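# Structural description and commentary
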Amino acid sequence: MSQMGDDAQQSVSWEDFGAEQERVRVLRQFISDVSHDLRTPLTIINSAAYMLQLKVEDAEQQQLVERIRAQVRRLDQIIDDMFTMTTLDLASPDETYRTVDLNELGQALYHEFSAVAQQKDLTLAFFPGSVQLLMADGTHLWRALSNLVINAINYTPPGGRIVLSTYVNQDGVVFEVTDTGIGIPAEDLPRIFDRFYRADKARQTSTGGSGLGLSIARRIVEYHNGRIEVESTPGKGSTFRVILPTLKHLIAAEQRRKQQEEG
Ligand code: ADP
């Protein structure tokens, strides 16, 4: 009797799983089609705005055209994030794993974002620690970490400081992004990793994100058996910590788990 019940339950959950996969496939196809259809007019608007910008001499009009171009970039980013999100829902992670040096990624991120930070009058620093190589998808990891750096830049007022660092702790190799920005209210902290969640609705249009950056970052980090921690004080700043276990850390965690079970 109990056996039959278990079987019935299992077949229902496999059906649910199949239906969910199908929903994701349809959604992915839809987003893929829509993003293609939206990108073409966006590219045309952007080139037209660029041509206009070259012709316009009045400073105020220049600013207006720049606003159009900034919003086009934003829409482009939203489409890109939505597409990445659906791709991640389907991807099988381990095929693209290679050895990755987190310090090389940190150095590359530092170079990529120094100029943007400087434009906003922010100091960006990178302090590499002595960390082991990881088996990881470097492209995905870049995306996850760059989302954290972009956020730090977006949510730190001019004059602030952003520090990237790497080190090792008990659970793995750590990549940390600390900023002296506006911080996140305690009540928002549990939700910032949700898709499309943005802490302060009033800031939505000015900062330009899609509300998908952190959920993409978390998804990628979880693919690597890692986790993201956040600590934040409103008005003072935030620290995002990506912890990625190496094989050695996974074995040690498994041993600790077994010891706890036995003891
Ligand atoms: P987006 O930045 O596109 O809005 P994210 O998913 O990257 O979306 O972030 C979700 C929300 O978390 C942001 O809207 C913002 O309110 C908050 N947030 C993320 N990073 C930071 C940070 N470093 N400092 C302050 N708030 C942050």
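Structure report, in brief. Remember, predicted model here, so these are calculated numbers, not experimental data.

Moving on, we get to the overall build of the protein. Helices and strands together make up the secondary structure of the protein, namely 7 helices and 7 strands. Each helix and strand of the protein, placed in order from N terminus to C terminus, yields the pattern α-α-β-α-β-β-α-β-β-α-α-β-β-α. Burial statistics for the protein: of 263 residues in total, 36% are counted as buried. Nonlocal contacts in the protein, meaning residues at least 24 apart in sequence, comprise 72% of its contacts between residues at least 6 apart. Summing over all exposed atoms, the protein offers an accessible surface of approximately 15,800 Å²; the carbon and sulfur share of this is 55%.

Turning our eyes to something else, we now look at the sheet that holds strand β4 (residues 161–169). With respect to topology, 5 strands assemble into an open sheet ordered β2-β4-β5-β7-β6, the strand pairing being mixed. Whereas interior strands pair on both sides, the edge strands pair on one side only; in this sheet they are β2 (123–127) and β6 (227–233). Each strand of the sheet is rotated relative to its neighbour by a mean of 15°, with strand direction disregarded. On top of the sheet, helix α3 (residues 102–119) reaches β2, β4, β5 (172–179) and β7 (237–244); it is set at about 170° to β2, its chief contact.

At a minimum axis separation of 10 Å, α3 and helix α4 (residues 138–154) run at an interaxial angle of 40°. The angle between α3 and α4 falls in the class oblique. Judged by the sense of rotation from one axis to the other, the crossing of α3 with α4 is right-handed. Judged by residue contacts, L102, L105, A108, L109, E112, F113, V116 and A117 of α3 engage G138, L141, W142, L145, S146, V149, I150 and I153 from α4. Grouping the amino acids of the contact of α3 with α4 by side-chain chemistry returns 13 nonpolar, 2 polar and 1 charged.

This brings us to the environment of Y155. Relative to the helices and strands, Y155 resides in the loop between α4 and β4. Y155 gets classed as partly exposed once you look at its relative accessible area, which sits at 22%. For the pair Y155 and T180, spaced 25 residues apart in the sequence, the C-alpha separation amounts to 8.9 Å.

Here we take up the pattern of salt bridges. Counted according to the given criterion, the structure contains 15 salt bridges. Across the pair R73 and E66 runs a salt bridge, and its minimum N-O distance is 2.9 Å. Among the residues examined, E66 registers a relative accessible area of 29% and is labelled partly exposed. Of the charged contacts, one joins E261 and R257 as a salt bridge, the two residues approaching to 2.6 Å between their closest N and O atoms. Remark: R257 and E261 occur in helix α7 (residues 247–262); sequence separation between them is 4 residues, near one turn of the helix. Under the relative-accessibility criterion, R257 is labelled partly exposed at 38%.

Let us now look at the pairing of β6. Across 7 bridges, β6 lies against β7 in antiparallel orientation. By the bridge assignment, S232 is partnered in β7 with S238. The turn joining β6 and β7, which pair antiparallel and follow one another in sequence, is formed by 3 residues; a positive phi near 85° is taken by G235.

By nearness alone, 19 residues border the ligand, and N151, Y155, R198, S210 and G211 come closest of all. Between the ligand and N151 there is a distance of 2.8 Å, counted from an oxygen atom to a side-chain nitrogen or oxygen. With respect to the ligand, the backbone of G211 contributes an N or O atom lying 2.7 Å from an oxygen atom. When the ligand sits alone it has 530 Å² of accessible area, and the protein chains cover 98% of it. When contributions to the shell around the ligand are tallied by element, the ones reaching two or more residues are α4, α6 (213–223) and β7. Of the residues belonging to the shell around the ligand, the class tally is 9 nonpolar, 7 polar and 3 charged.

A few words now on the packing of aromatic side chains. The geometry of an aromatic ring pair comes down to the distance between the two centres and the angle between the two planes. Applying the stated criterion to the full structure yields 1 aromatic pair. Ring centres of F193 and F240 lie 6.4 Å apart, and the angle between their planes is 70°; on these two criteria the pair is classed as edge-to-face. Of the two residues, F193 is situated in the loop between β5 and α5 (204–207) and F240 in strand β7; the sequence distance between them amounts to 47 residues. Classification of F193 by relative accessible area gives buried; the value is 8%. Residue classification places F240 among the buried residues on the basis of a relative accessible area of 7%.

So, how was this worked out
- Residues numbered from 1 in each chain as written.
- Predicted model: local features only at pLDDT ≥ 70, side-chain atom pairs only at ≥ 80, totals over all residues.
- Heavy atoms only, no water.
- Helix = DSSP H or I, 4+ residues; strand = E, 2+ residues; numbered from the N terminus.
- Buried < 20%, exposed > 50% of the residue type's maximum accessible area, 1.4 Å probe, protein only.
- Contact = heavy atoms within 4.5 Å.
- Areas by Shrake-Rupley, 256 points an atom, 1.4 Å probe, with all protein chains shown as cover.
- Pairing = 2+ DSSP bridges.
- Axes fitted to C-alpha atoms, helices over the stretch in contact; angles between N-to-C directions.
- Parallel < 35°, antiparallel > 145°, perpendicular 65-115°, else oblique.
- Left-handed = near helix turned anticlockwise from the far one by under 90°.
- Nonpolar A, V, L, I, M, F, W, Y, C, P; charged D, E, K, R; others polar.
- Salt bridge = Lys/Arg side-chain N within 4 Å of Asp/Glu carboxyl O.
- Near = heavy atom within 4 Å.
- Polar contact = N/O pair within 3.5 Å; in protein donor to acceptor, adjacent residues only side chain to side chain.
- Phe/Tyr/Trp six-rings, centres within 6.5 Å; stacked < 30°, edge-to-face > 60°.

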